[in-house]
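One letter stands for each residue in the lines below.
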Amino acid sequence: MKSSLKIYLIVFVSVSCYLLLMKTAIVNKHSPHRDISPLESTVSQIPLGISVDETDTLMGSPPDTTSNSKGVIMNSTTILHPANDQASKYGPPQKYTLCIWKRDDVGATVVFDQAGKVVCRWAWSTTKNRGRYHPFSPYGLFDRLGLF
């Protein structure tokens with residue numbers, strides 16, 4: 001009787017430890033790992049359709065980089081190159097102005113159409129894999145050890 005109790009105890013403890021490790025790995029991977037920067041927060045609050053001057057006022061400064069280009073605007077965060085096979089499904093190419101702001105390790109892009117109205121906006125990190133995995137997640141540890 002005692003040996004069967006030992007076997008059940010070993011199995012129970014092993015399964016419990018495994019489940020605890022898996023829960024920790026899932027929580028570390030899916031929990032927020034960094035604070036949202038002020039630039040990211042500002043870009044998320046820019047409404048579509050406002051003018052260049054209103055955007056400069058919201059952003060607090062003129063853009064660091066401005067360029068003109070041509071493409072197919074798919075939605076508020078995606079622009080397709082005219083040569084892309086999928087572009088013709090979303091309409092003809094149109095000219096637009098791309099404005100980029102950079103602060104610390106975050107960049108923000110706002111796209112204006114020919115009328116000077118916002119049609120796209122998004123923020124992005126300028127550092128490699130910023131916030132992708134928690135540093136103490138299993139993937140983060142294995143990556144630092146060179147196993148991935």
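Residues numbered from 1 in each chain as written. Predicted model: local features only at pLDDT ≥ 70, side-chain atom pairs only at ≥ 80, totals over all residues. Heavy atoms only, no water.

1. Observations concerning the overall build of the protein chain
Step number 1: In terms of regular secondary structure, the protein chain is built from four helices and five strands.
Step number 2: Each helix and strand of the protein chain, placed in order from N terminus to C terminus, yields the pattern α-α-α-β-β-β-β-β-α.
Step number 3: Relative to its 148 residues, the protein chain shows a buried fraction of 24%.
Step number 4: Restricting to contacts in the protein chain with at least 6 residues of sequence separation, those with at least 24 account for 51%.
Step number 5: Element-wise, carbon and sulfur atoms account for 60% of the exposed surface of the protein chain, whose accessible area totals about 10400 Å². (Helix = DSSP H or I, 4+ residues; strand = E, 2+ residues; numbered from the N terminus. Buried < 20%, exposed > 50% of the residue type's maximum accessible area, 1.4 Å probe, protein only. Contact = heavy atoms within 4.5 Å. Areas by Shrake-Rupley, 256 points an atom, 1.4 Å probe, with all protein chains shown as cover.)

2. Focus on the sheet that holds strand β3 (residues 94-103)
Step number 1: Pairing in this open sheet of five strands is antiparallel, and the strands run β2-β1-β3-β4-β5 from one edge to the other. In this open sheet, the two strands that pair with only one neighbour each are β2 (78-80) and β5 (118-125). Neighbouring strand axes in the sheet, compared pairwise and without regard to direction, differ in orientation by 45 degrees on average. (Pairing = 2+ DSSP bridges. Axes fitted to C-alpha atoms, helices over the stretch in contact; angles between N-to-C directions.)

3. Concerning the nonpolar core
Step number 1: Formed by Leu39, Val43, Ile46, Ile50, Met59, Cys99, Trp101, Val106, Ala108, Val110, Phe112 and Val118, the largest nonpolar core amounts to 12 residues.
Step number 2: The set of elements that each furnish at least two residues to this core consists of α2 (38-44), β3 and β4 (106-112).
Step number 3: Those residues within four positions of cysteine 99 in sequence are excluded, and the remaining contacts are Pro63, Thr65, Thr66, Ala108, Thr109, Val110 and Phe112.
Step number 4: By size, the runner-up hydrophobic cluster in this structure holds six residues, among which are Tyr96, Val111, Val119 and Cys120. (Core = buried A, V, L, I, M, F, W, Y, C linked by side-chain atoms within 4.5 Å.)

4. Looking at the confidence of the model for the protein chain
Step number 1: Of the residues in the protein chain, 89% reach a pLDDT of 70 or more, and the chain-wide mean stands at 84.
Step number 2: When mean pLDDT is taken per element in the protein chain, β4 scores highest with 93 and helix α4 (residues 138-145) scores lowest with 74. (pLDDT = per-residue confidence, 0-100.)

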